[in-house]
Number of protein chains: 2
Amino acid sequence: MTRTAETASFKFNHTMLRIRDPAASLPFYQNIIGMELLSEKKSDDFTLYFLAFNHEGKDLTKEEKEASRFAREGVLELTHNHGTESDPNFQGYSSGNSDPGRGFGHIAITVDDVEKACERFEQLGVQFKKKPSDGKMRHIAFILDPDGYWIEIVPSSFKL
Amino acid sequence: MTRTAETASFKFNHTMLRIRDPAASLPFYQNIIGMELLSEKKSDDFTLYFLAFNHEGKDLTKEEKEASRFAREGVLELTHNHGTESDPNFQGYSSGNSDPGRGFGHIAITVDDVEKACERFEQLGVQFKKKPSDGKMRHIAFILDPDGYWIEIVPSSFKL
C-alpha cells in the first residue's frame, strides 16, 4: 500500500477540458451523459462548469452541490473561454489523439449495459468514434462529445 | 436532478493520459502523489496502468484492486506506447495547454493543506507550474507530472 499520512487526504477530484460552446456541451453532459451541474463560476473572460454524477439517490441542495464539488472524485470541469462559440476563426480544440497535440486520450464512463447505453446514444444523435460492433473490442465503445473529445463507454464489470 | 433510470448506473470512471516512460511516471504517481497501482495490462505495443487513491483504509487484495478498477470513480489510466522512453526522436506529449494541441487542461488533486503538500512536493524535486505564492490565487498550485501534464493542487475546502 503506497498511501502514507502525507497523502492520506488526497483525492483525484476533477479533470478539466476546454469547450467551445456551453450551449452544446452542457445539454450533452447533463441530458445525454446524465451528469449534474454542481456549480458554475463566471469570470470576465471565461466560465467554469463543474459536473458530476449524483450517486446520492436524492436531490442535492445548492449548498450540498457546492460543498461536494471539491470533496469528491469524478468531477468534470468544463472551461468556456468566452467568444469561441461565435468566433468564425476559432479552430476548435484538440482531442489529444493525433499529432500535433497528442497526449490526453479520453475520459471513460462505466455503464451496466454498453449495448443499451449505445442504442440510446444513437437515438439521441451522438457521434461515435467506435460502435460496440466495430473492430475487435465488442464490449466497449467510444463516443465523441461536442468538441470531439473521446468518451470511452465501458461495462462496469469489465475485465481486461 | 438530471439523473434518470437510463443513466443511473453511469460513473465517471477514469481519465487516460499517454506517458513517455513508466519508470518516471509510476514512481511519481505512486510515491509522490500517493496513488495505488490497481492493475497493469501489457499488450504487444503498449501497456496500460490504472491507478487510484485507496480510500478504503486498508490494503486491498489483487482481486479487490482488479474489481475496483471499473467499479469506482477517480481512476487514472496511463498509456505507455512501448519505445517512447528510449526513442531520441520522440517529441514528447502535449500538455493540452498551448497551441497546437490546446484542449485538455489538467487533472486536479484536492488536499487538506495545500502549503504543506507543496512543501513536500518541493522537497521531492517536483516541478511547479505555479507555486501557491505565485500570482493572485494563493490557495492553489499547479505541479507538473513527468510528461509536463498540469496537476492542480486545490484545498478540499475550496470555495471559488
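Residues numbered from 1 in each chain as written. Chains lettered and ligands numbered in written order. Predicted model: local features only at pLDDT ≥ 70, side-chain atom pairs only at ≥ 80, totals over all residues. Heavy atoms only, no water.

Chain A has the name lactoylglutathione lyase in an unreviewed UniProt entry, where Hebeloma cylindrosporum is given as its organism. You can read under Sequence similarities (unreviewed entry) in the UniProt record for chain A the words "Belongs to the glyoxalase I family." Turning to chain A, the UniProt annotation filed under Pathway (unreviewed entry) states: "Secondary metabolite metabolism; methylglyoxal degradation; (R)-lactate from methylglyoxal: step 1/2." (UniProt positions renumbered as here; feature names shortened; annotations may be inferred.)

Caption draft 1: Broad picture of the relation of the copies chain B and chain A. Of the two same-sequence chains, chain B is brought onto chain A (RMSD 0.0 Å, axial shift 0.0 Å) by a rotation of 180°. On this basis, the relationship between the two copies can be described by a two-fold rotation axis. No C-alpha of chain B approaches the rotation axis more nearly than that of Gly101(B), which lies at 1.8 Å. (Least-squares fit on C-alpha atoms with pLDDT ≥ 70 in both.)

Caption draft 2: Quick peek at the sheet that holds strand β1 (residues 11-19) of chain B. Read from one edge to the other, the open sheet built from eight strands follows the order β6(A)-β7(A)-β8(A)-β5(A)-β1(B)-β4(B)-β3(B)-β2(B), with strand pairing classed as mixed. In this open sheet, the two edge strands, each paired with only one partner strand, are β6 (127-130) of chain A together with β2 (36-42) of chain B. The sheet shows a mean angle of 30° between the axes of neighbouring strands, direction not considered. Here β2(B) pairs with strand β3 (residues 46-52) of chain B via six bridges, running antiparallel. Among the inter-strand pairings, Lys41(B) is bridged to a residue of β3(B), identified as Leu48(B). Relative to the sheet, helix α3 (residues 114-123) of chain A contacts β5 (104-111), β6, β7 (141-144) and β8 (150-155) of chain A, its axis offset from that of β8(A) by approximately 145°. Packing against the sheet, helix α1 (residues 22-32) of chain B makes contact with β1, β2, β3 and β4 (75-81) of chain B, and its axis sits at approximately 10° to β3(B). (Pairing = 2+ DSSP bridges. Helix = DSSP H or I, 4+ residues; strand = E, 2+ residues; numbered from the N terminus. Axes fitted to C-alpha atoms, helices over the stretch in contact; angles between N-to-C directions. Contact = heavy atoms within 4.5 Å.)

Caption draft 3: Structural detail: the side chain of Thr7(A). Here Thr7(A) is to be found in the segment before β1 (11-19). Beyond its immediate chain neighbours, meaning those up to four positions away, Thr7(A) contacts Ile32(B), Ile33(B), Gly34(B) and Arg120(B).

Caption draft 4: Expanded view of a negative patch on the surface. Residue and element names in this part refer to chain A. Together, Asp-112, Asp-113, Glu-115 and Glu-119 line one region of the surface with negative charge. As for its placement among the helices and strands, Asp-113 is situated in the loop between β5 and α3. Owing to a relative accessible area of 38%, Asp-113 belongs among the partly exposed residues under this scheme. (Patch = residues over 30% accessible without salt bridge, like charges linked within 9 Å, V, L, I, M, F, W, Y side chains within 5 Å. Areas by Shrake-Rupley, 256 points an atom, 1.4 Å probe, with all protein chains shown as cover. Salt bridge = Lys/Arg side-chain N within 4 Å of Asp/Glu carboxyl O. Lys, Arg positive; Asp, Glu negative; His and termini not counted. Charge placed at Lys NZ, Arg CZ, Asp CG, Glu CD. Buried < 20%, exposed > 50% of the residue type's maximum accessible area, 1.4 Å probe, protein only.)

Caption draft 5: Representation of the interface of chain B and chain A within the structure. On the side of chain A, 65 residues touch chain B, which itself brings 66 residues to the contact. In total, chain B and chain A occlude about 5,600 Å² of area from one another, counting both sides; carbon and sulfur atoms represent 57% of this. At the junction of chain B and chain A, the tally comes to four salt bridges. In this structure, Arg120(B) and Glu6(A) form a salt bridge, with 3.4 Å as the shortest nitrogen-oxygen distance. Where chain B packs against chain A, one counts 37 residue pairs in polar contact (both at pLDDT 80 or more). For the side of chain B that touches chain A, the secondary-structure elements that each account for two or more residues are β1, α1, β2, β3, β4, β5 (104-111), α3 (114-123) and β8 (150-155) of chain B. Residue classes in the side of chain B that touches chain A are distributed as 29 nonpolar, 20 polar and 17 charged. (Buried area = accessible area lost by both parts, 1.4 Å probe. Polar contact = N/O pair within 3.5 Å; in protein donor to acceptor, adjacent residues only side chain to side chain. Nonpolar A, V, L, I, M, F, W, Y, C, P; charged D, E, K, R; others polar.)

Caption draft 6: View of the domain arrangement of chain A. Residue and element names in this part refer to chain A. Taken domain by domain, chain A consists of domain 1 (12-93) and domain 2 (103-160). Distance from the C-alpha centre of domain 1 to the C-alpha centre of domain 2: 20 Å. Buried surface at the junction of domain 1 and domain 2, summed over both partners, amounts to about 1,100 Å²; 70% is from carbon and sulfur atoms. Among the residues domain 1 hides against domain 2, the three largest losses belong to Leu-17, Phe-28 and Ile-32. Together they make up 42% of the total. Taken together, domain 1 and domain 2 are joined by five residue pairs in polar contact (both at pLDDT 80 or more). Contributing elements (two or more residues each) for the side of domain 1 that touches domain 2: β1 and α1 (22-32). Here the side of domain 1 that touches domain 2 is built from residues that sort into 11 nonpolar, three polar and two charged. (Domains from an automatic or database assignment.)

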